[in-house]
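Each chain is listed here by its residues.
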Amino acid sequence: NAISDEAVPDLAEGLRSCQSLKKVNLSYNKLSDRGDFLPPLPSLEEIDFSHNAISDDAVPGLGEGLASYQYLKKVNLWGSKVCNVGKLIEAFVSLPALTSVNIGYNSIRDESLPTIDAWLKVRTAVEDVWLAGNRFSAE
């Protein structure tokens, strides 16, 4: 696919009428600098942003958007070049139904581990967290 940041407003507008939508797959696109990928979708349960190039500038907006999906169960950001996960983790804390998060093969470093640890202590219903392939030290 070739959905890029320039197409985000049209994409959001097109999806706005899909209020019963449960799954959105935007994997393998060119989303990078905008975090406002989707409009409010009250029934959304799964979202896949894997294989994009999401910049740290986009993460706060993405986190804010994800926090509005109170029925969200699965988030996939595998291989999306994410470094700073702080705002994403803040969103994950606010999602009571979230059970599966894949943030593997990004550029997450050791500095994010305490934030991830704190989230998992609060949201004990989380069943799967994929962290493989990040930039953690061997210590």
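In this text the structure is predicted, and so the values were computed from the model without any measurement.

## Considerations on the overall build of the chain
- When its secondary structure is counted, the chain shows four helices and five strands.
- Dimensions of the chain, computed from the C-alpha atoms along their principal axes, are close to 45 × 30 × 20 Å.
- Here the chain holds 139 residues, and the buried ones make up 40% of them.
- Across the chain, every contact between residues at least 6 apart in sequence was considered, and the portion connecting residues at least 24 apart equals 69%.

## Quick look at the environment of serine 68
- Assignment of secondary structure puts serine 68 in the loop between helix H2 (59–67) and strand E3 (74–76).
- Measuring from C-alpha to C-alpha, the distance between serine 68 and proline 40 comes to 7.0 Å, with 28 residues separating the pair along the chain.
- A polar contact is formed between the side chain of serine 68 and the backbone oxygen of glycine 65, at a distance of 2.6 Å.

## Notes on helix H3 (residues 86–93)
- Among the residues making up H3, those that are buried are Leu88, Ile89, Ala91 and Phe92. Mapping the buried residues of H3 onto a view down its axis gives an arc of 155°, with all of them on the same face.

## Concerning the sheet that holds strand E2 (residues 46–48)
- Reading across from one edge, E1-E2-E3-E4-E5 is the order of the five strands in this open sheet, with parallel pairing throughout. Of all the strands in the sheet, just strand E1 (23–25) and strand E5 (128–130) have a single pairing partner and so form its edges. Geometrically, the sheet is characterised by an average inter-axis angle of 5° between neighbouring strands, direction not taken into account.

## As for the pattern of salt bridges
- Tallying each qualifying case throughout the model produces four salt bridges.
- Linking glutamate 90 and lysine 87 is a salt bridge whose minimum nitrogen-to-oxygen distance equals 3.7 Å. Here the residue glutamate 90 and the residue lysine 87 both occupy positions in helix H3, the gap between them amounting to three residues, near one helical turn.
- By relative accessible area, lysine 87 is classed as partly exposed at 41%.
- Within the structure, one salt-bridge network assembled from shared partners comprises Lys22, Glu45 and Lys73.

## Comments concerning the nonpolar core
- Residues Leu38, Ile47, Phe49, Ile54, Leu66, Leu88 and Phe92 are the most contacted members of the largest nonpolar core, which totals 33 residues.
- Contributions of two or more residues to this core are made by H2, H3 and helix H4 (113–122).
- Here this core takes four residues from H3, the largest share from any one element.
- Those residues in contact with leucine 66 that lie beyond four places of it in its chain are Ile47, Phe49, Leu72, Val75, Leu88, Ala91, Phe92 and Leu95.

## Comments concerning unusual backbone geometry
- Unlike most non-glycine residues, tyrosine 28 shows phi in positive territory, near 55°.
- Tracing the sequence through the fold places tyrosine 28 in the loop between E1 and E2.
- For histidine 51, which is not a glycine, the phi torsion comes out positive at approximately 60°.
- Take histidine 51: it is sitting in the loop between E2 and H2.
- The exposure class of histidine 51 is partly exposed, given its relative accessible area of 23%.

The rules we used
- Residues numbered from 1 in each chain as written.
- Predicted model: local features only at pLDDT ≥ 70, side-chain atom pairs only at ≥ 80, totals over all residues.
- Heavy atoms only, no water.
- Helix = DSSP H or I, 4+ residues; strand = E, 2+ residues; numbered from the N terminus.
- Buried < 20%, exposed > 50% of the residue type's maximum accessible area, 1.4 Å probe, protein only.
- Contact = heavy atoms within 4.5 Å.
- Polar contact = N/O pair within 3.5 Å; in protein donor to acceptor, adjacent residues only side chain to side chain.
- Arc of directions from axis to C-beta.
- Pairing = 2+ DSSP bridges.
- Axes fitted to C-alpha atoms, helices over the stretch in contact; angles between N-to-C directions.
- Salt bridge = Lys/Arg side-chain N within 4 Å of Asp/Glu carboxyl O.
- Core = buried A, V, L, I, M, F, W, Y, C linked by side-chain atoms within 4.5 Å.

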